Structure formats: C-alpha cells, structure tokens
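Coordinates in review
Chain by chain, the residues run as shown.
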Amino acid sequence: QVQLVESGGGLVQAGESLRLSCVASGSSFRIGSMGWYRQAPGKERESVATITSGGSTNYADSVEGRFTISRDNAKNTVYLQMNSLKPEDTAVYYCNAIIMLAQPIRYLEVWGQGTLVTVSS
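1. Some remarks on the sheet that holds strand β3 (residues 18-26)
One open sheet accounts for four strands, arranged β1-β3-β8-β7; its pairing is antiparallel. This sheet does not close on itself; its edge strands, each paired only once, are β1 (2-7) and β7 (67-72). Direction aside, the axes of adjacent strands within the sheet are offset by 15° on average. Of the pairings in the sheet, the one linking β7 to strand β8 (residues 77-82) comprises six bridges and is antiparallel in character. If you follow R71 over to β8, its bridge partner there is V78.

The structure is reproduced here in structure tokens:
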C-alpha cells in the first residue's frame, strides 16, 4: 500500500554535493520516523541519518556536519542534503520510513529501492 521512491543519486567528485529525495505514496497511511541508510561494497548497512515526525534528527559520526536530513510532511518527502562528499561516502543509499496503515491499523517498516551515490577522488 505504501511505496518509497528515491531519486538524486549519481556520480560526483570529492567535495561536491548531492541532494537525495524520497517520496512516500499510497493510501490510508501516516508516516512516523524516516531515515537514510547506506551500504558500501563489502560493508554492512549503516544508519546515516534519521528524523522523527517531530523533526528531531540523529546523524552518524561519519557524516555529522556534512549531511542534513529534513522532511516535508505535506509532500510526504524526506531529503538528505550531502555536502563535502568523500570517496568513503560511496554507497547505495536507502530511504526508510515507519508507516502506520489503517483498516486494520498496523505499523510497517518500508524501504526504498536504493539510489547509488558514487564519489570519485
């Protein structure tokens, strides 16, 4: 019933910026916390940044000060502004959201398809 569609990934040089977007679509749902996760080649998936429905944010130490997560509840969208990108930021970035569905009421963890960010040195 709910899908997350990500966009904004691409190939950039070190020091440049990218902005990722994730739009939730569907019916009879509310969005709770949202977040961005990433998985680099040969590494485990890690949390990058999360944001609650009230706007509280949390960042991984590796991106603190460089990345900014934000959301537009009216547009059912979460963003990740990535500045001063480094080669070690190269990964597939996944959008995540906690969704409340109605009829019956239940909570689901929903993931996007992932968008590839490649940072060249």
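On we go from here.
2. Considerations on unusual backbone geometry
P104 follows Q103 through a cis peptide bond whose omega is -5°. Mapped onto the secondary structure, P104 falls in the loop between β9 (91-101) and β10 (106-111). With a phi close to 50°, S84 is a non-glycine residue in the positive phi region. Positionally, S84 belongs in the loop between β8 and β9.

3. Points about the pattern of salt bridges
Note on pairing: side chains with opposite charge can pair once their charged atoms come close. Scanning the entire structure with this criterion turns up three salt bridges. Note that D89 and R66 form a salt bridge whose closest N and O atoms lie 2.7 Å from each other. Taken together, the residues D89 in the loop between β8 and β9 and R66 in the loop between β6 (57-59) and β7 connect sequence positions 23 residues apart. Judged by its relative accessible area of 0%, D89 falls in the buried class. Classification of R66 as buried rests on a relative accessible area of 11%. By sharing partners, the salt bridges in this structure join R38, E46, R66 and D89 into a single network.

So, how was this worked out
Residues numbered from 1 in each chain as written. Predicted model: local features only at pLDDT ≥ 70, side-chain atom pairs only at ≥ 80, totals over all residues. Heavy atoms only, no water. Pairing = 2+ DSSP bridges. Helix = DSSP H or I, 4+ residues; strand = E, 2+ residues; numbered from the N terminus. Axes fitted to C-alpha atoms, helices over the stretch in contact; angles between N-to-C directions. Salt bridge = Lys/Arg side-chain N within 4 Å of Asp/Glu carboxyl O. Buried < 20%, exposed > 50% of the residue type's maximum accessible area, 1.4 Å probe, protein only.

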